[in-house]
Amino acid sequence: MFETTLSSISAIITHYVGNRLKDDELILSEEPSVFDEPTQAILWKYVLSSFKAPEFYQFTHAAELDLNNVYTIAKGVFADPATITSRSKDLAKVLFEHSQHPQIKSGEFFVMYFKKLTFGNVTADAIGLFKSEKKEPFLFTEEKDNIIDIHSFQGISPGKVDKACIIFNDSMEDGYNVLAVDNVNKGEEAKYWFEDFLKIKPRSTEYTKTSNILTITKDFILNDLGAEDLMDKSEKIDLMNRSVDFFKENESFDQEEFSVQVFEDKEVGDRFRAYTAEKDKEGYNFDEGFDISQEAVKKKQKIFKSVLKLDKNFSVYIHGNREMIEKGVDDDGRRYYKLFYEEEA
């Protein structure tokens, strides 16, 4: 998704942000970090490994956007890139203030400035925020007096980003186009990066809408329809397969059309609409319809598992026609599935 042919890293400042709860230090650099061409190539690898999908966010605040500290600091940097060193200290201080969860680890905090960075259809100058919390052992050799010694040290892997955020100088009025990821913390612990420090929310795009409605559809089939135990596992798998097929075969999502094709039952379709409205935390209003992102479908389809596991003896992969499988119970009370097919591969 990144295009870096015309891009460059014009500055990088490195700070050390500890955990306030553990009385760790906050160490602020007074000058930008110095790096040569080989190091810049490694830095690009570090940046490019951060994001794979166009899941854009935007800065937000409950009262007004200018009260979001990171947004305001970023706006100041874009207005005058020469101030990035001093403003990077402000960013480190904000992060330090929010580093108070016991699971948050200390680490280096990199603030980078990119010229003409492209991701998907967005091209603009950008600010990168990266925090490294996990160190990996590296080996290096040293030759002296015809003897080669081997040593080890703890360092940052350029292919494994812990926490990252890239702020594009685009759509400033509604919170910029922002990429963000936390590959270390999950659940409550991840909130400090997304909600406490950055204060961002998903931006309404074709990708995010497609991704969210796919997740809601799976939850509806398994947790709402499945909660009443009126549907056996093979029927649930069939519905999930038909759901994915709808998204693969159509260019746009229309809730009524989707319900008719997948559920084939108006009552179930009405339940799906109500379930969707209840789970729509971001206010996407799926009733309005939207263009389907095939990139999101490709990424999300793996959560729609089509494997029917029978005790520890068999795993049956169901990919299509539900009428080709039949469930029953024999005279001895043993449950069985009968499979019909035309050709044996």
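Notes on the structure follow. (Residues numbered from 1 in each chain as written. Predicted model: local features only at pLDDT ≥ 70, side-chain atom pairs only at ≥ 80, totals over all residues. Heavy atoms only, no water.)

### Comments concerning helix 7 (residues 255-262)
Heads up, the rule is: Relative accessibility decides the category of a residue: with a 1.4 Å probe and only protein chains considered, values under 20% of the type maximum give buried, values over 50% give exposed, and everything between is partly exposed. Helix numbering and strand numbering both begin at the N terminus, where a helix is a DSSP run of H or I of at least 4 residues and a strand a DSSP run of E of at least 2. Think of it as the arc spanned by the lines of direction from the helix axis to the C-beta atoms.
Of the positions making up helix 7, those classed as buried are Gln-255, Phe-258, Ser-259 and Val-262. Projection of helix 7 onto a plane perpendicular to its axis shows the buried side chains occupying an angular sector of 100 degrees, all on one side. Within helix 7, the exposed residues directed more than 90 degrees away from the buried face are Glu-256 and Val-260. A positive backbone phi angle near 55 degrees is found at Glu-264, which sits one or two residues after helix 7.

### Observations regarding the nonpolar core
Selection rule: We define the nonpolar core as a collection of buried residues of types Ala, Val, Leu, Ile, Met, Phe, Trp, Tyr and Cys that are connected through side-chain atoms lying within 4.5 Å of one another. By the convention used here, residues are in contact when the closest approach between their heavy atoms is within 4.5 Å.
Counting 35 residues, the largest nonpolar core has Phe-59, Phe-109, Leu-129, Ile-167 and Leu-198 as its most contacted members. Excluding residues that lie within four positions of it along the chain, Phe-59 makes contacts with Leu-65, Asn-68, Val-70, Tyr-71, Ile-167, Asp-174, Gly-175, Tyr-176, Val-178, Leu-198, Lys-199 and Ile-200. Of all hydrophobic cores here, the second largest spans 23 residues; its members include Tyr-46, Phe-56, Phe-119 and Val-181.

### Concerning unusual backbone geometry
Phi at Lys-116 is positive, roughly 50 degrees, even though this residue is not glycine. Take Lys-116: it is sitting in strand 5 (residues 107-119). For Lys-116, a relative accessible area of 52% translates into the label exposed. Its identity as a non-glycine residue notwithstanding, Lys-199 has a phi of 55 degrees, on the positive side. Along the polypeptide, Lys-199 turns up in the loop between helix 4 (191-198) and strand 11 (200-202).

### Examining the packing of helix 7 against helix 8 (residues 266-279)
The criterion, for reference: Geometry is summarised by axes, namely lines fitted to C-alpha atoms with helices restricted to the contacting stretch, and by angles between N-to-C directions that run from 0 to 180 degrees. An angle counts as roughly parallel when it lies under 35 degrees, as roughly antiparallel when it exceeds 145, as roughly perpendicular when it falls between 65 and 115, and as oblique in every other case. Crossing chirality is assigned from the near helix's rotation relative to the far helix, an anticlockwise turn below a right angle marking it left-handed and a clockwise turn marking it right-handed. Note that Gly is not counted as nonpolar here; it falls among the polar residues with everything else outside the nonpolar set of Ala, Val, Leu, Ile, Met, Phe, Trp, Tyr, Cys and Pro and the charged set of Asp, Glu, Lys and Arg.
Running from amino to carboxyl end, helix 7 crosses helix 8 at an angle of 135 degrees, the nearest separation of the two axes being 9 Å. Comparing their axes, helix 8 and helix 7 come out oblique. Judged by the sense of rotation from one axis to the other, the crossing of helix 7 with helix 8 is right-handed. Contacts between helix 7 and helix 8 involve Gln-255, Glu-256, Phe-258 and Ser-259 on the former and, on the latter, Gly-269, Phe-272, Arg-273 and Thr-276. When grouped by side-chain class, the residues that make up the contact of helix 7 with helix 8 number 2 nonpolar, 4 polar and 2 charged.

### Brief notes about the pairing of strand 2 (residues 8-17)
Basically, it comes down to this: One requirement defines pairing of two strands: DSSP has to find at least two bridges between them.
Burial within strand 2 is extensive, with 7 of its 10 residues counted as buried. Examined bridge by bridge, strand 2 and strand 5 share 9 bridges and lie antiparallel to one another. Considered in strand 5, the bridge of Ala-11 is made with Tyr-113. Where strand 2 lies against strand 3 (residues 26-27), 2 bridges are found, and the strand directions are antiparallel. In the sheet register, Val-17 faces strand 3, and the bridge partner there is Leu-26.

### Observations concerning the pattern of salt bridges
Any two side chains of opposite charge can pair, so long as their charged atoms come close to each other. Short version of the rule: A pairing counts as a salt bridge when a side-chain nitrogen of Lys or Arg comes within 4 Å of a carboxyl oxygen of Asp or Glu.
Scanning the model with the defined rule gives 13 salt bridges in all. Two residues, Glu-264 and Arg-242, come together in a salt bridge whose shortest N-O distance is 3.5 Å. Taken together, the residues Glu-264 in the loop between helix 7 and helix 8 and Arg-242 in helix 6 (residues 233-249) connect sequence positions 22 residues apart. With a relative accessible area of 60%, Glu-264 lands in the exposed category. Salt bridges sharing partners connect three or more residues here, namely Lys-131, Glu-133, Lys-163 and Asp-182.

### Things to note about the side chain of Ser-88
Quick note on the threshold: Distance and chemistry together define a polar contact, namely a pair of N or O atoms within 3.5 Å, with one atom able to donate a hydrogen and the other to accept it when in protein, and with adjacent residues in sequence counting only for side-chain atoms on both sides.
Topologically, Ser-88 is positioned in helix 3 (residues 84-97). Ser-88 sits in the buried class, given a relative accessible area of 1%. Among the polar contacts listed, one links the side chain of Ser-88 to the backbone oxygen of Thr-85, at a separation of 2.6 Å. Apart from the residues within four sequence positions on either side, Ser-88 is in contact with Ile-13, His-15, Phe-109 and Val-111.

### A word on the environment of Gly-120
Along the chain, Gly-120 falls in the loop between strand 5 and strand 6 (122-132). The spacing of Gly-120 and Ala-53 is 67 residues in sequence and 8.8 Å in space, taken between C-alpha atoms.

### A closer look at the pairing of strand 8 (residues 147-155)
The sheet contact formed by strand 7 (residues 136-144) and strand 8 spans 9 bridges and is antiparallel. Bridge pairing in strand 8 links Glu-142 to Asp-149. Where strand 7 folds back on strand 8, the antiparallel hairpin that results is connected by 2 residues, among which Asp-145 adopts a positive phi of roughly 55 degrees.

### Some points on a negative patch on the surface
Short version of the rule: The patch calculation keeps residues exceeding 30% relative accessible area without a salt bridge and links them within 9 Å when they carry like charges or within 5 Å when they are nonpolar (Val, Leu, Ile, Met, Phe, Trp, Tyr). We get accessible surface area from the Shrake-Rupley algorithm with a probe of 1.4 Å; when it comes to residues, only the shown protein chains can shield them. Think of it this way: Lys and Arg go in the positive column, Asp and Glu in the negative one, and His and the chain ends go nowhere. Every charge is mapped to an atom, namely NZ of Lys, CZ of Arg, CG of Asp or CD of Glu.
Negative charge collects at one region of the surface, where Glu-142, Glu-143, Asp-145 and Asp-149 lie side by side. Counting through the fold element by element, Glu-142 comes out in strand 7.

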